[in-house]
Amino acid sequence: MDFSRETFLNHLAQTTDTPALIAVTYAEGIYIYDTDNKRYTDLISGIGVTNIGHRHPAVLQAIKDQLDKHLHVMVYGEYIQSASNLLAKKVVSLLPPRLNCCYFVNSGTEANEGALKLAKRFTGRHEIISCRKSYHGSTHGSMSVSGNEVKKQAFRPLLPDVSFMDFNSIEDLSLITDKSACVIIETIQGDAGVRIPSRAYMKALRKRCDETGALLILDEIQCGMGRTGTLFAFEQFDIVPDILTVAKAFGGGLPIGAFISDKNIMTCLTHNPMLGHITTFGGNPVCCASALATLNVIENEKILEQVEEKGKLFETLLSHPKIKEVRRIGLMFAIDFESAEIVNRIVLKAKELGVICYWFLSHPYSFRIAPPLTITKKQIEEACETILKAIDNA
Ligand SMILES: Cc1ncc(COP(=O)(O)O)c(C=O)c1O
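Trainee: Quick one: what's the story with the packing of aromatic side chains, residue by residue and with numbers?
Mentor: Scanning all chains against the criterion turns up nine aromatic pairs. A centroid spacing of 6.0 Å and a plane angle of 45° characterise the contact between Tyr26 and Tyr33, whose relative ring orientation is tilted. Ring plane angle 10° and centroid distance 6.0 Å describe the contact between Phe232 and Phe234, whose orientation is recorded as stacked. Overall, the relative accessible area of 2% leaves Phe234 in the buried class. Here the aromatic cluster, defined as three or more aromatic residues joined through ring pairs, consists of Tyr76, Tyr103 and Phe259.

Next comes the structure, spelled out in structure tokens:
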């Protein structure tokens, strides 16, 4: 074992000067344990990943079963592998009929890259519409369609012909024209601080895409997989995207993403040129087995039925005069305060007290709460008590 900070700080590339530095020895359910055997309540699910908790036994068993059969045998798209067949069949059974064909990839950003390429190929257009304050990933294409100008500036030139509209502004939908290949939008904006669109907006968005022939890409990488109380957030807005992207919680703790569309659209990546999107590890059998087990757990344990009630309990318990606003859908929260400094102090204090909350990429005045959906009411009460203590002390 090597938990040395020196190794971590000097021989692993750093993303910030202030990493959280919890030295993890073990994780189970909603808890993470460090080298001093300190227990942390994970209220952020490893940023939207462990929706069914850490190391769910059914997921572990599925991984072990697959280990006994085979690991990687071939790049995506060549051999028939039972793990990816079973996962694809399950996924499309849970989606509306037009989302009937899955392309499995390695991450959220790759799912969005694939979706953008597919939209360009299908429509023969190159203009892309996205939203201000959005986050779609950190590779060049996904960064091009992400809204945070400060983070993008140093990496230009990025993709040309990307225009940004305000999220949830029906007026701005006029930016979508018959020159647009697609609109890419988070159904619920996550890193903008949990922004929930109106049903009227989502309906108007769908209609505008239909009128102009632009494909609608819904990014549910953060808000999907039960986080909002339905398996996919778009179900709550009575619309269906042309392309859906998922990742994070999709794999139950292993890395896998997907872009999902109609077979007729998806075939564009097969011809002229063939191999329109290729990936070595996409659809890795162990990750597929883990993803399938995750979907089965959500279904078998009736997890979705409890999300709203648990969300409401958090909301009721998190009552404090310093809190300016709470935005919530299901178990996805942004808790707003007067300043970024206060948020910073609360997040650090909560961590000291053994509860992990976290910042947003593009909204410094809030912290996020997005716990495993399996959290119990008692655990919610304990966690909220600690958070209120952290707010008092910050
Ligand atoms: C909405 C959304 N899209 C895309 C991504 C990128 O996913 P990944 O980090 O797996 O590339 C994220 C990651 O936070 C996200 O929240």
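Trainee: Please provide a residue-by-residue account of the packing of helix 11 (residues 304-317) against helix 13 (residues 377-393), values included.
Mentor: At a minimum axis distance of 10 Å, the contact between helix 11 and helix 13 shows a crossing angle of 30°. With respect to helix 13, the element helix 11 is oriented roughly parallel. In this structure, helix 11 meets helix 13 at a crossing whose hand is right-handed. Of helix 13, the residues touching helix 11 (which contributes Glu309, Lys310, Leu313, Phe314 and Leu317) are Lys377, Ile380, Glu381, Cys384 and Leu388. Residues of the contact of helix 11 with helix 13, tallied by class, amount to six nonpolar, no polar and four charged.

Trainee: With reference to specific residues and values, describe helix 11.
Mentor: The end-to-end C-alpha separation of helix 11 is 21 Å, in line with the 20 Å expected for 14 residues at 1.5 Å each. Listed as buried for helix 11 are Val307, Lys310, Gly311 and Phe314. Buried residues along helix 11 cover an arc of 110° about the axis, so they all sit on one side. More than 90 degrees from the buried face of helix 11, the exposed residues found are Glu305 and Thr316. Where helix 11 is buried, its residues touch strand 11 (325-329), strand 12 (332-336), strand 15 (366-369) and helix 13.

Trainee: So what's going on with the site of the ligand? Which residues, and what values?
Mentor: Taken together, Ser107, Gly108, Thr109, Asn112, Tyr135, His136, Gly137, Glu186, Asp219, Ile221, Gln222 and Lys248 are the residues near the ligand. Measuring from an oxygen atom of the ligand, one finds a side-chain N or O atom of Gln222 at 2.7 Å. Take Lys248: an N or O atom from its side chain is 3.2 Å from an oxygen atom of the ligand. Protein chains bury 82% of the 390 Å² of accessible surface belonging to the ligand in isolation. Examining the composition of the shell around the ligand, we find that three residues originate from one element, helix 5 (residues 108-123), more than from any other. In terms of residue class, the shell around the ligand is made up of two nonpolar, seven polar and three charged.

Trainee: Can you tell me about a nonpolar patch on the surface, naming the residues and giving the values?
Mentor: A cluster of nonpolar residues, Phe8, Leu9 and Leu12, forms a patch on the protein surface that exposes about 250 Å² of accessible area. Checked against the element boundaries, Leu9 lands in helix 1 (residues 5-11). Among the residues examined, Leu9 registers a relative accessible area of 37% and is labelled partly exposed.

Trainee: Report on the pairing of strand 12, specifying residues and quantitative values.
Mentor: The buried fraction of strand 12 amounts to five of the five residues, a majority that puts the element mostly inside the structure. Judged by which residues are buried, strand 12 turns out to be covered on both faces: Met332, Ala334 and Asp336 on one side and Phe333 and Ile335 on the other are all buried. Relative to strand 12, strand 11 is paired through five bridges, and the arrangement is antiparallel. The partner of Val326 across the bridge, within strand 12, is Ile335. In this antiparallel pair of consecutive strands, strand 11 and strand 12, the connection spans two residues, and Gly330 shows a positive phi of 60°.

Trainee: Can you lay out the nonpolar core for me, pointing to particular residues and giving the numbers?
Mentor: In terms of nonpolar packing, the biggest core is built from 86 residues, with Leu87, Leu205, Phe250, Phe314 and Phe367 touching the most fellow members. Counting residues per element, this core draws most heavily on helix 10 (residues 285-300), at nine residues. With residues near it in sequence (within four places) discarded, Phe250 still touches Leu87, Val91, Phe104, Met225, Ile256, Gly257, Ala258, Ala291, Thr294 and Leu295. By size, the runner-up hydrophobic cluster in this structure holds 23 residues, among which are Ala115, Ile128, Val145 and Val162.

Trainee: So what about helix 10? Which residues, and what values?
Mentor: Spanning 16 residues, helix 10 covers 22 Å between terminal C-alpha atoms, matching the ideal 22 Å at 1.5 Å per step. Here helix 10 lies mainly inside the structure; 13 of its 16 residues are buried. Two or three places before Val286, at the start of helix 10, stands the capping residue Asn284, its side-chain oxygen 3.0 Å from that residue's backbone nitrogen. Of the residues trailing helix 10, Lys302 is marked for its positive phi of about 50°.

Cut-offs and rules
- Residues numbered from 1 in each chain as written.
- Predicted model: local features only at pLDDT ≥ 70, side-chain atom pairs only at ≥ 80, totals over all residues.
- Heavy atoms only, no water.
- Phe/Tyr/Trp six-rings, centres within 6.5 Å; stacked < 30°, edge-to-face > 60°.
- Buried < 20%, exposed > 50% of the residue type's maximum accessible area, 1.4 Å probe, protein only.
- Axes fitted to C-alpha atoms, helices over the stretch in contact; angles between N-to-C directions.
- Helix = DSSP H or I, 4+ residues; strand = E, 2+ residues; numbered from the N terminus.
- Parallel < 35°, antiparallel > 145°, perpendicular 65-115°, else oblique.
- Left-handed = near helix turned anticlockwise from the far one by under 90°.
- Contact = heavy atoms within 4.5 Å.
- Nonpolar A, V, L, I, M, F, W, Y, C, P; charged D, E, K, R; others polar.
- Expected span 1.5 Å × (residues − 1).
- Arc of directions from axis to C-beta.
- Near = heavy atom within 4 Å.
- Polar contact = N/O pair within 3.5 Å; in protein donor to acceptor, adjacent residues only side chain to side chain.
- Areas by Shrake-Rupley, 256 points an atom, 1.4 Å probe, with all protein chains shown as cover.
- Patch = residues over 30% accessible without salt bridge, like charges linked within 9 Å, V, L, I, M, F, W, Y side chains within 5 Å.
- Salt bridge = Lys/Arg side-chain N within 4 Å of Asp/Glu carboxyl O.
- Pairing = 2+ DSSP bridges.
- Core = buried A, V, L, I, M, F, W, Y, C linked by side-chain atoms within 4.5 Å.

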